[in-house]
Amino acid sequence: MSASAVAATQKFEILVDSFISKLKRRQITGSFSVATETCHLLMRVISNSRWTNTDEFIQLIRGVGQRLIQAQPREFAAGNIVRRVLAIIRDEVNDSTPSQIALSNNAPLNTSMFQLLSTNTTTKTTSKETTKAQNQDLRSVVIQGIRELIDEIASVHENIELMTVDLIHDNEILLTPTPGSQTVLNFLLKASLKRKFTVLITESYPNDIEECHKFAKTLAEAQIETVIIPDSTVFAVMSRVGKVLIGARSVFANGGCVTAAGVATVCECAKEHRTPVFAVAGLYKFSPTYPFDRDSLIEVGNSGKVLPYEDSDLVGKCEVTNPLFDYVLPEMIDIYITNIGGFSPNFIYRIVLDNYKNEDVHLD
Amino acid sequence: MSDKTVKIDASNASVPVKDPATATTTANATTPAGETKLTNKELKELKKREKAAKRAASKPANSDASTGANSSAGNPSKTQKEGKQVAASSSHIKKQMNSAKIKESNNKVPPMVGHLETREQRISSSPQIANIVHPSIFSLTLKISTYKIVGSTSRCLSMLEAFKEVIKSYETPEATSLQRNLTSHLSHQIEYLKTGRPLSISMGNAIRWLKQRISVIPIDMKDDEAKSQLIDEIDLFIQERILYSDKVITQSASKHIQNNSKILTYAHSEVLEKLFKFCSLEENKSFEIYIIDSKPLFEGKKLAKRLSSINNIQCHYNLINSLSTVLERSDIDFCFLGAHSMLSNGRLYSRVGSALVAMACKNKNIPVLVCCESIKFSDKVQLDSVTLNELGDSDDIVNVKPFNKKGFNLEQYLTGLKVAENNNKPQQQQQQQQNKKINDNNNNNKSLKVDDGDNEILKNWKTELPFLNILNVLYDLTPPEYIQKVITEFGALPPSSVPVILREYKSST
């Protein structure tokens, strides 16, 4: 028994460690792949893990989540997926112990008022030892839930694309400052089947310049009128732009989002011109946390891209920074388009509440 | 670097001049040995001749060269028919075809800015006057068109310097007077100068002033006297309107820069550079400066390089993408912007990106100050950046290392050479072929160098991707709401008072 337990924990460690090092080495980047990979990891972890009761199970998953977040604090998708899985587990645990819920529901009003004030330690202590069969059931149900989650992530683009017709009119000029976003690309490609429009793409030099060129090439090959503009030209053309379309890297409960560097200024400019700003994001990018510390959200990249080798005489005399991301305030964005519909930034906290449990917002 | 420019310069300059040269050689039956040296002599000779004769000689030569260069199915047959017979009329048709051809080959302009003139259209507009253009104007045009000389002030300064050269070597033809002929002679130079880049507002103002000065020269004054007077006046103009103005502006703006203040600026402005140097070197203030820069000109690097050697100044260099981060993290005290022009409705017409910087600063409650000499004030009114602007070359955006490329004239000349080489049999003109080979070798080397900076993904975007356009406008318009104060040599004023200065200034000269 003990030997197999040790083997299981070893296997578990190997799984988690290899994933963490992949995250740290940035072998897995981009919200989409991080989300899918995290799902697969959790599936394997759950099938290999050993636990005797549900609390232990939840603690185990929380522990994994904590480590993933520490490994790459700015890849919010990993944490989000862990929280989604925890929500699945908690739902399942609550469903499987209906007696307690029924009890609390049937309780008189005055006691429920009392419960509101008292800490809910009673529920925690009452979670009794579950049988092995029940555990097995829970395990398979949760894995089934994760499978559904993977399907949901895989079909994010299709669901977002369903909304294209409602958002773009014929001969519209769109501007997208996030050429690195696959979601935006798919959105535009899908929209081009129904509508004729022009897309302006900012270069997002120096970090996403290659992505921008690939993006533009794909769009042009799909016979969409495409114009590449330098980042500085945004203000000059904004008066001609009908809608601004941005891809979010992660969305926070207050409706703000983190995206590529330079987008915050573009959104500000759109606001000045009263141009609507759409952000597209899959549900897995929605994080239940609040962006209190702006600086901690923004990663800083290679400054050699800003000042290349030819200008090495400036090195040491001149301070160069190359932030990779930008935080966009909620009031800069008009609508979030997700795979479950369009929402105003004010409403994001509700979406977050629907998908995550309050207990899991902070995993540490 | 400078060596290279000179090389390109010489070969490029020889292109338009070579056309009349070949035209004259058909008459004189002599072949030019040293191209660059001959061009100058040729020019001087040509200048002495009568203008009409020159045009007649240059036009068929031009059309011949152009048809050789383009060699489409329709063109050569027509040249053979008409070319030798009626020079003037055929050349007119050729010219039209030529310009049409260039337009056709370069339709890669976003529909939004289809009304703006592209570089190719500019160049095709006046090729026939190339033979009376002064060498200094040639070199200046080339430097301006390759952005070696960039910025309103320095362009204006170098133009005035070039005009001094033009006036020095100017000789009044017989049966006309300096007052009448010099203006038209200058107009030709300006026409050619425009083919590099459109004139800046300051250049336009300076030209207007110079023409006015020429027109008031007394009719009985001798040419030499008049010339030296004009040169002196130009010197004075430079001193008064640019150099001293900059000093006054610098002094009045310097009170905003205190010890330990943090200043944000965009790209490069001549007067701001002077201001920062003045504050650090003469007033001994130490401050931090955040330079925001953008593709494709990277003018901010120039400013960073010039300021980074000064101990009192701590330089920060950022691209426009990180503007929000810079404003968020560092407490900027003031934002200083340079100007290409101040329009009469209070808008600032400046390097593209200035508006974005001004907007972001305004939203963060950082005062935006514009330093602008009164020579840059314009009575134009404009409401958005798209209607009137200058188009840059789209390839500058695509290529990683732009501006190392051949000039448009050189490119045309090279394609002409290649076509000619394909047509000519090797035995016929051995000497010329040798010359060409040398040329081609040089060109190959050059093109190899250029290829290093070329973009891989969008390498042949012009031909392969008909739906892709690249927009490269050079200026944008900053609304007056974003600007706190415009500092000129007449004092500081809000942007709404620009027309006041315009009136004052008009009455003062």
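Cut-offs and rules
- Residues numbered from 1 in each chain as written.
- Chains lettered and ligands numbered in written order.
- Predicted model: local features only at pLDDT ≥ 70, side-chain atom pairs only at ≥ 80, totals over all residues.
- Helix = DSSP H or I, 4+ residues; strand = E, 2+ residues; numbered from the N terminus.
- Buried ≥ 20, exposed ≤ 12 C-beta atoms within 10 Å, placed from the backbone.
- Contact = placed C-beta atoms within 7 Å.
- Pairing = 2+ DSSP bridges.
- Axes fitted to C-alpha atoms, helices over the stretch in contact; angles between N-to-C directions.
- Nonpolar A, V, L, I, M, F, W, Y, C, P; charged D, E, K, R; others polar.
- pLDDT = per-residue confidence, 0-100.
- Domains from an automatic or database assignment.
- Core = buried A, V, L, I, M, F, W, Y, C linked by C-beta atoms within 7 Å.

Student: I'm lost on the overall build of chain A in this one. Help?
Tutor: For chain A, the helix and strand inventory stands at 16 helices and eleven strands. Referenced to the eigenvectors of the C-alpha coordinate spread, the extents of chain A come out at roughly 65 × 50 × 40 Å. Expressed as a percentage of its 364 residues, the buried residues of chain A come to 44%. Long-range contacts, defined as pairs at least 24 residues apart, comprise 81% of the intrachain contacts of chain A with a sequence gap of at least 6.

Student: What exactly am I supposed to notice about the sheet that holds strand E10 (residues 485-488) of chain B here?
Tutor: What links the strands of a sheet is backbone hydrogen bonding, and the strands pair in either a parallel or an antiparallel sense. A sheet is described by the order of its strands in space; here eight strands give the open sequence E8(A)-E3(B)-E2(B)-E1(B)-E4(B)-E7(B)-E10(B)-E11(B), paired in mixed fashion. On the outer flanks of this sheet lie strand E8 (318-320) of chain A together with strand E11 (491-493) of chain B, each paired with one strand and no other. The sheet shows a mean angle of 25° between the axes of neighbouring strands, direction not considered. The pairing of strand E1 (residues 262-266) of chain B with strand E4 (residues 334-337) of chain B spans three bridges and is classified as parallel. Looking across to E4(B), one finds that B:Leu264 is bridged to B:Cys335. Packing of helix H11 (residues 223-253) of chain B onto the sheet brings it into contact with strand E7 (368-371), E10 and E11 of chain B, and relative to E10(B) it is tilted by some 135°.

Student: What am I meant to see in the interface of chain B and chain A here?
Tutor: Taken together, the 44 residues of chain B in the interface contact 50 residues of chain A. When residues of the side of chain B that touches chain A are traced back to their parent elements, those giving at least two are helix H13 (299-308), strand E3 (313-319), helix H14 (323-329), helix H15 (354-363) and strand E8 (468-470) of chain B. Residue composition of the side of chain B that touches chain A, by class: 24 nonpolar, 14 polar and six charged. Two elements, E8(A) and E3(B), share three bridges in a ladder whose sense is parallel. Bridge pairing in E3(B) links A:Val320 to B:Tyr317.

Student: Can you walk me through the confidence of the model for chain B in this structure?
Tutor: Caution is warranted with low-pLDDT regions, since their predicted coordinates should not be read in detail. All names here are of chain B. Here chain B averages 77 in pLDDT, and 68% of its residues register 70 or above. Within the model, the stretch residues 1-38 combines pLDDT values under 50 with 51 contacts to residues more than four positions away or in other chains. Predicted confidence is poor over residues 441-453, with pLDDT under 50, and the contacts of this stretch with residues over four places away or in other chains come to nine contacts. Of the two predicted TM-score estimates for the complex, the pTM is 0.80 and the ipTM is 0.87.

Student: Just to check I follow, could you spell out the domain arrangement of chain B for this structure?
Tutor: The extent of an interface is frequently quoted as the accessible surface area lost upon association of the parts. Residues and elements named next belong to chain B. Domain parsing of chain B yields domain 1 (133-256) and domain 2 (257-387 + 475-508). Computed from C-alpha atoms alone, the centre-to-centre distance between domain 1 and domain 2 is 26 Å. Between domain 1 and domain 2, the contact holds 22 residues from the first and 25 residues from the second. Looking at the side of domain 1 that touches domain 2, the elements with two or more residues in it are helix H8 (152-168), helix H10 (201-215) and H11. Of the residues forming the side of domain 1 that touches domain 2, the biggest block, nine residues, is contributed by H11.

Student: Would you mind going over the sheet that holds strand E6 (residues 348-351) of chain B with me for this structure?
Tutor: All names here are of chain B. Taken together, three strands build an open sheet; the order of strands is E5-E6-E9 and the sheet is antiparallel. Of all the strands in the sheet, the pair left with one neighbour each is strand E5 (341-342) and strand E9 (475-478). Bridging between E5 and E6 involves two bridges; their strand directions are antiparallel. Its bridge partner lying in E6, Met 342 is registered against Leu 348. Contacts from H15 reach E6 and E9, with the element oriented near 30° to E9.

Student: I would appreciate a short explanation of the nonpolar core in the present structure.
Tutor: Considering soluble globular proteins, one finds that nonpolar side chains tend to be buried as a cluster. Ranked by size, the top nonpolar core spans 172 residues in total, and within it A:Val244, A:Cys267, A:Ala279, B:Cys335, B:Ala358, B:Val370 and B:Cys371 carry the most contacts. Here this core gets nine residues from one element, more than from any other, and that element is helix H4 (residues 76-96) of chain A. Within the second largest apolar cluster, 28 residues are counted, among which are B:Ile137, B:Leu186, B:Ala226 and B:Leu230.

Student: Mind showing me how you'd approach the confidence of the model for chain A here?
Tutor: All names here are of chain A. The predicted model of chain A averages 87 in pLDDT, with 90% of residues at 70 or higher. Confidence drops under pLDDT 50 across residues 100-109; counting only partners more than four residues distant or on other chains, this segment forms four contacts. Scored below 50 in pLDDT, residues 121-127 shows five contacts in the model against residues more than four places distant or in partner chains.

Student: What should I look at first to understand the domain arrangement of chain A in this one?
Tutor: Residues and elements named next belong to chain A. Taken as a whole, chain A is organised into domain 1 (2-100 + 130-154) and domain 2 (157-360). Taken together, the contact pairs 15 residues of domain 1 with 15 residues of domain 2. At the level of elements, helix H2 (31-48) and H4 are the ones that each hand at least two residues to the side of domain 1 that touches domain 2. Top element by residues in the side of domain 1 that touches domain 2 is H4. It accounts for ten residues. Its residues placed into classes, the side of domain 1 that touches domain 2 shows eight nonpolar, three polar and four charged.

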